[in-house]
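Listed here are the chains, written in short residue letters.
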Amino acid sequence: MYKKGDIVLVRSSAGDIIPPIHVKLIKRMERKPHKGRNFDWPAYVGWDAVLTKEAEADLLRKNHSIPFKFPNEIQTFVFESDIIKKANKKRRKKRKR
């Protein structure tokens with residue numbers, strides 16, 4: 001459904017108090033379920049991603065104390081289940097003649 005290079009809107013796993021942000025998907029990771037010593041680990045699919053908007057990084061840092069900087073050289077991990085939608089590309093408005 002999603003591919004490398006897509007820009008998507010992502011919600012936080014921490015809850016609805018943190019606003020959704022736009023990220024660019026870098027690398028897909030898929031983990032199969034496996035047995036642990038005390039716990040059976042579930043399968044998951046996720047992406048390495050980087051922030052795309054400086055204003056969102058500033059908002060997360062100032063209001064929620066999340067230490068994101070922009071430009072973000074450090075990648076963040078996003079579960080595919082936390083992706084809300086693919087971001088729309090801005091379309092040019094047609095001029096009426």
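Here goes a summary of the coordinates provided. Keep in mind that what you see is a predicted model, and the values were worked out from it rather than measured.

**Comments concerning the layout of surface pockets**
Over the atoms, a rolled probe matching the size of one water molecule traces out where space is still vacant.
In step 1: Approximately 310 Å³ is the volume attributed to the largest pocket.
In step 2: Those elements giving two or more residues to the lining of the largest pocket turn out to be β2 (21-31) and β6 (76-79).
In step 3: Broken down by element, the lining of the largest pocket gets its largest block of residues, four residues, from β6.
In step 4: Looking at side-chain class alone, the lining of the largest pocket contains 13 nonpolar, three polar and two charged residues.
In step 5: Considered as a void within the structure, the second largest pocket measures approximately 240 Å³ in volume.
In step 6: Considering the residues around the second largest pocket, the lining is formed by ten residues, among which Ile7, His22, Ala87, Asn88 and Lys89 are closest to the centre.
In step 7: Per-class residue counts for the lining of the second largest pocket are two nonpolar, three polar and five charged.

**Points about the pairing of strand β5 (residues 44-51)**
In step 1: The buried count for β5 comes to six of eight residues, which makes it a mostly enclosed element.
In step 2: Looking at chain direction, β2 and β5 are connected through eight bridges and run antiparallel. Within β5, the residue paired with Lys27 across the bridge is Asp48.

**Topic: the pattern of salt bridges**
In step 1: According to the stated counting rule, one finds six salt bridges in the structure shown.
In step 2: Taking the shortest distance from any N to any O, the salt bridge between Asp40 and Lys35 comes out at 3.6 Å.
In step 3: You can call Asp40 partly exposed: its relative accessible area is 47%.
In step 4: With its nearest N and O atoms 2.5 Å apart, the salt bridge here joins Asp58 to Arg61. Residue Asp58 and its partner Arg61 are both found in helix α1 (residues 54-64); the two are separated by three residues, about one turn of the helix.
In step 5: Members of the salt-bridge network, linked through shared partners, are Arg28, Glu30 and Glu80.

Definitions and limits used
- Residues numbered from 1 in each chain as written.
- Predicted model: local features only at pLDDT ≥ 70, side-chain atom pairs only at ≥ 80, totals over all residues.
- Heavy atoms only, no water.
- 1 Å grid on protein atoms, 1.4 Å probe; cavity = no way out; pocket = protein on both sides within 12 Å on 5 of 7 lines; lining within 4 Å.
- Points joined across faces, edges and corners; volume = space filled by probe spheres on them.
- Helix = DSSP H or I, 4+ residues; strand = E, 2+ residues; numbered from the N terminus.
- Nonpolar A, V, L, I, M, F, W, Y, C, P; charged D, E, K, R; others polar.
- Buried < 20%, exposed > 50% of the residue type's maximum accessible area, 1.4 Å probe, protein only.
- Pairing = 2+ DSSP bridges.
- Salt bridge = Lys/Arg side-chain N within 4 Å of Asp/Glu carboxyl O.

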